[in-house]
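# Tertiary structure, described
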Amino acid sequence: ISLTCLYASAQSVNQLDTAVTNAANVFLKDTSRMALSVGVYNHGKYHIYHFGKVDKGGGKPVDQSVYEIGSITKTMTGSLLAHAVLEKKLKLEDDVRKYIDGDFPNLEYSGQPIRLFQLLNHSSGMPFSMAADSTDGRVYSKEAFFKALHFVKLDTVPGIKLSYSNSAAILLAYVLEKVYKQSYEQLLNKYLLRPLGMKGTALEISERMQKNVLKGFDGRGKTMVSTGSGAAGGVHSTVPDMLRYINYEVNEKDSVVALTHKPTWGQIQYYAMGLNWQMMHKAGTERTVFQSRGTAGFSTCLIM
């Protein structure tokens, strides 16, 4: 089951309708794909499309359908980090060990520590997952996480190479919780979800949202189990809310947005990463800022 939202330009609504419908028909020719929702932010207006079936006997998704959005969650974690920087709670280049309790000499290589921004651009050297958050991304207790953190072994200087890491984003959430003395979920609500009116978005599914939560399926139609990976990929949302998020993210006059879109790794003319946003600006093309990822039975893509 897939959700795609994008910031785009079309000369007319009919032109947009035709383009989206044609693309959706091609996408759903693969019988392993169940359903697709598409949201387009076009000249300040929202356009939403739904295709396929949410299960074998069901109908199309609806605007209230709740999707797992996977690693788009990490871009929200990046926004929280940007808020903390602008509020002078911390600095992007700070040694991560400044904000965690205990002795972690293993979180450096050749005298170079893991820095906070590297936890979101996948250059920290942290493993994809640890014993504490498991190979499927599921988050376990904070105590277990920090116990496993002592056994992390870096193999090169942080900031050099990309290596995808869920555990790094989870560690950053613990840092933010410490500097703000609030939970990650409270910070999400305070800085993003409430200000943007994203009432259909949550880390923990509310009773009100439960009836609209979609099930994910594997390629054979078997129901998948949600991994609930916290700050690394645990947020759930709807298409209208993702368009509200795009509406916020395209305003780079906002200092938080601008900071999250600033490259922290790579060269933007080829490929770069900001505070978990991926970006490219090849010669003769418009700059593209995006994030995508899959969870258990879901795939989500957000493109600007």
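Structure report, in brief. (Residues numbered from 1 in each chain as written. Predicted model: local features only at pLDDT ≥ 70, side-chain atom pairs only at ≥ 80, totals over all residues. Heavy atoms only, no water.)

### Comments concerning the packing of aromatic side chains
The cut-off we apply is this: For this analysis, a ring pair means two rings from Phe, Tyr or Trp (six-membered ring only for Trp) whose centres lie within 6.5 Å, classed as stacked if their planes differ by under 30 degrees, edge-to-face if by over 60, and tilted for the remaining angles. Elements are defined by DSSP. Helices are runs of H or I of four residues or more, strands are runs of E of two residues or more, and each kind is numbered from the N terminus.
Using the criterion set out here, one finds nine aromatic pairs in the structure. With centroids separated by 6.1 Å and ring planes inclined at 35°, the aromatic side chains of F128 and Y164 adopt a geometry described as tilted. With F128 in the loop between strand 6 (112-113) and helix 3 (142-149) and Y164 in the loop between helix 3 and helix 4 (166-180), this residue pair connects regions lying 36 residues apart in the sequence. Seen from their ring centres, Y180 and Y191 are 5.7 Å apart, and the 55° between their planes marks the pair as tilted.

### Comments concerning the environment of Q112
As for its position among the elements, Q112 is in strand 6. Separated by 32 residues in sequence, Q112 and L80 have C-alpha atoms that sit 25 Å apart.

### Thoughts on the pattern of salt bridges
Just so we agree on the cut-off: We define a salt bridge as a contact between a side-chain nitrogen of Lys or Arg and a carboxyl oxygen of Asp or Glu at a distance within 4 Å. Only protein chains enter the calculation, and the probe is 1.4 Å; a residue is then buried if its accessible area is under 20% of its type maximum, exposed if over 50%, and partly exposed in between.
Overall, the coordinates contain seven salt bridges when judged by the stated rule. Among the ionic pairs, E108 bridges to R97, the shortest N-O distance being 2.8 Å. Of this pair, E108 sits in strand 5 (residues 108-109) while R97 sits in the loop between helix 2 (72-86) and strand 5, and the two are 11 residues apart along the sequence. Given the relative accessible area of 30%, E108 is considered partly exposed. In the salt-bridge network here, residues are joined through shared partners; they are D95, R97 and E108.

### Remarks on the packing of helix 2 against helix 5 (residues 184-193)
Applicable threshold: To get an axis, fit a line to the C-alpha atoms, keeping to the stretch in contact for a helix; angles then go from 0 to 180 degrees between the N-to-C directions. An angle below 35 degrees is read as roughly parallel, one above 145 as roughly antiparallel, one from 65 to 115 as roughly perpendicular, and any other as oblique. Residue contacts are defined here by distance: any two heavy atoms, one from each residue, within 4.5 Å place the two residues in contact. Any residue that is not Ala, Val, Leu, Ile, Met, Phe, Trp, Tyr, Cys, Pro, Asp, Glu, Lys or Arg is counted as polar, Gly included; the first ten are nonpolar and the last four charged.
The contact between helix 2 and helix 5 brings their axes to 10 Å, and the two run at 75°. One way to sum up the angle between helix 2 and helix 5 is to call them roughly perpendicular. Here T73, M76, T77, S79, L80 and H83 of helix 2 lie close against helix 5, whose contacting residues are Y184, L187, L188, Y191 and L192. In terms of residue class, the contact of helix 2 with helix 5 is made up of seven nonpolar, four polar and no charged.

### Notes on the sheet that holds strand 2 (residues 35-42)
This is how the line gets drawn: Pairing between two strands is assigned when DSSP locates at least 2 bridges connecting them.
In spatial order, the strands read 3-2-1-12-11-10-9-8; together these eight strands make up an open sheet with mixed pairing. Edge positions in the open sheet fall to strand 3 (45-52) and strand 8 (265-267), since each of these has one partner strand only. Direction aside, the axes of adjacent strands within the sheet are offset by 20° on average. Relative to strand 3, strand 2 runs antiparallel, the two being bridged by eight bridges. Within strand 3, the position partnered with L36 by the bridge is F51.

### Let's talk about the pairing of strand 11 (residues 288-295)
As defined by bridge partners, strand 10 (residues 278-280) adjoins strand 11 across three bridges and the pair is classed as antiparallel. Residue pairing in the sheet places M279 in a bridge with V289 of strand 11. Joining the antiparallel neighbours strand 11 and strand 12 (residues 298-303) is a turn of two residues, in which G297 adopts a positive phi near 90°.

### Observations regarding the nonpolar core
Spelled out, the test is: Take the buried Ala, Val, Leu, Ile, Met, Phe, Trp, Tyr and Cys residues and link them wherever side-chain atoms come within 4.5 Å; each set so joined is a nonpolar core.
Formed by 77 residues in total, the largest nonpolar core has its most connected members in L149, M242 and Y245. The element best represented in this core is helix 4, accounting for 11 residues. The contacts of M242, once residues within four sequence positions are left out, are L3, C5, I69, I72, M76, M198, S237 and L302. Judged by nonpolar contacts, the second largest core, of eight residues, contains V20, A24, V38 and F51.

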